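Structural description and commentary
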Amino acid sequence: MSTPTSSSAALPIAYVVLRVLIVVNWLMGAAILALLVVMPNRQWIMAAFKISPSPDAEQLIMGLRAVAALGLVGVPLHYVVLKRLLAIVQAVRAGEAFAAANAYRWQAIAWALLALQVLSLVIGAIAKSVSTPAHPVHLGAGFSISGWLAVILTFLLARVFAEGTLMREDLEGTV
């Protein structure tokens, strides 16, 4: 078992930031849920988004509802990432960076990031399909090269942690 790491300002700050982000994530989920409860009122949606009555307005409203529903799917995925990162920070603070649990946590984070990237593609496709010249929809969703790079790097990091754990166990076995 390793000794706790030296006192670094980064770990306590990361711990606090992750705790705050977990709360913000759930608050955003509650806000999206509230929007879905309020959104069935067609007139409210049209007024809020300044949509004039037109043949494509109904398709736009349904698309926005679908995007909000998919936004709810993102809440637990973000929670998986944030909780695993919080556990990793705690393990590093305890001097247990290269533990098997952290390798599994990185892998869970990678799968959640992959799901978030797929979700972003679906949301981007919905936005593109309901967007019109009269009512353009710009959500900032869709393909993200940096997002996909993060997925690949996180899977790689999970493997590095798994290898580091094996090396650590081998080293402890030879001492």
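Just above sits the structure.
Quick caveat, the model's predicted, so the values are computed rather than measured.

A word on the packing of aromatic side chains
Enumeration according to the criterion identifies four aromatic pairs in this entry. Their ring planes at 85° and their centres at 5.0 Å tell us that W111 and F155 sit as a pair that is edge-to-face. Here the residue W111 occupies a position in helix α4 (residues 100-130), and F155 occupies one in helix α5 (residues 145-174), the gap between them amounting to 44 residues. One cation-aromatic arrangement involves R93 over Y15; the distance from NZ or CZ to the ring centre is 5.5 Å.

Notes on the pattern of salt bridges
Overall, the coordinates contain one salt bridge when judged by the stated rule. Across the pair E163 and R159 runs a salt bridge, and its minimum N-O distance is 2.4 Å. Here E163 and its partner R159 are both found in helix α5, four residues apart, which amounts to about one turn of the helix. According to the relative accessible area criterion, R159 is partly exposed, its value standing at 48%.

Focus: the layout of surface pockets
Roughly 260 Å³ of internal volume is contained in the second largest pocket. Lining the second largest pocket are 15 residues, with H78, L116, L119, S120 and I123 sitting closest to its centre. Listed by contribution, the elements that provide at least two residues to the lining of the second largest pocket are α3 (57-93), α4 and α5. Among the elements that line the lining of the second largest pocket, the one with the most residues is α4, at six residues. Taken together, the residues of the lining of the second largest pocket sort by class into eight nonpolar, seven polar and no charged.

Some words on a nonpolar patch on the surface
A contiguous nonpolar surface patch, about 590 Å² in accessible area, is contributed by I13, V16, V17, V20, L21, V24 and M28. Tracing the sequence through the fold places V16 in helix α1 (residues 10-38).

Considerations on the side chain of N25
Looking at the secondary structure, you find N25 in helix α1. If near-sequence neighbours (up to four positions away) are discounted, N25 is found in contact with V75, H78, Y79 and L82.

Details of the nonpolar core
The biggest cluster of nonpolar side chains holds ten residues, and these are I45, M46, I51, A57, L60, I61, L64, A127, V130 and V137. Mapped onto this core, the elements with two or more residues apiece are α2 (42-48), α3 and α4. It is α3 that provides the largest number of residues to this core, a total of four residues. Ignoring any residue separated from it by four or fewer positions in sequence, one finds M46 in contact with I51, S52, P53, A57 and I61. Listed in part, the eight residues of the second largest apolar core include V81, I88, A158 and F161.

Cut-offs applied
Residues numbered from 1 in each chain as written. Predicted model: local features only at pLDDT ≥ 70, side-chain atom pairs only at ≥ 80, totals over all residues. Heavy atoms only, no water. Phe/Tyr/Trp six-rings, centres within 6.5 Å; stacked < 30°, edge-to-face > 60°. Helix = DSSP H or I, 4+ residues; strand = E, 2+ residues; numbered from the N terminus. Lys NZ or Arg CZ within 6 Å of the ring centre and 35° of its normal. Salt bridge = Lys/Arg side-chain N within 4 Å of Asp/Glu carboxyl O. Buried < 20%, exposed > 50% of the residue type's maximum accessible area, 1.4 Å probe, protein only. 1 Å grid on protein atoms, 1.4 Å probe; cavity = no way out; pocket = protein on both sides within 12 Å on 5 of 7 lines; lining within 4 Å. Points joined across faces, edges and corners; volume = space filled by probe spheres on them. Nonpolar A, V, L, I, M, F, W, Y, C, P; charged D, E, K, R; others polar. Patch = residues over 30% accessible without salt bridge, like charges linked within 9 Å, V, L, I, M, F, W, Y side chains within 5 Å. Areas by Shrake-Rupley, 256 points an atom, 1.4 Å probe, with all protein chains shown as cover. Contact = heavy atoms within 4.5 Å. Core = buried A, V, L, I, M, F, W, Y, C linked by side-chain atoms within 4.5 Å.

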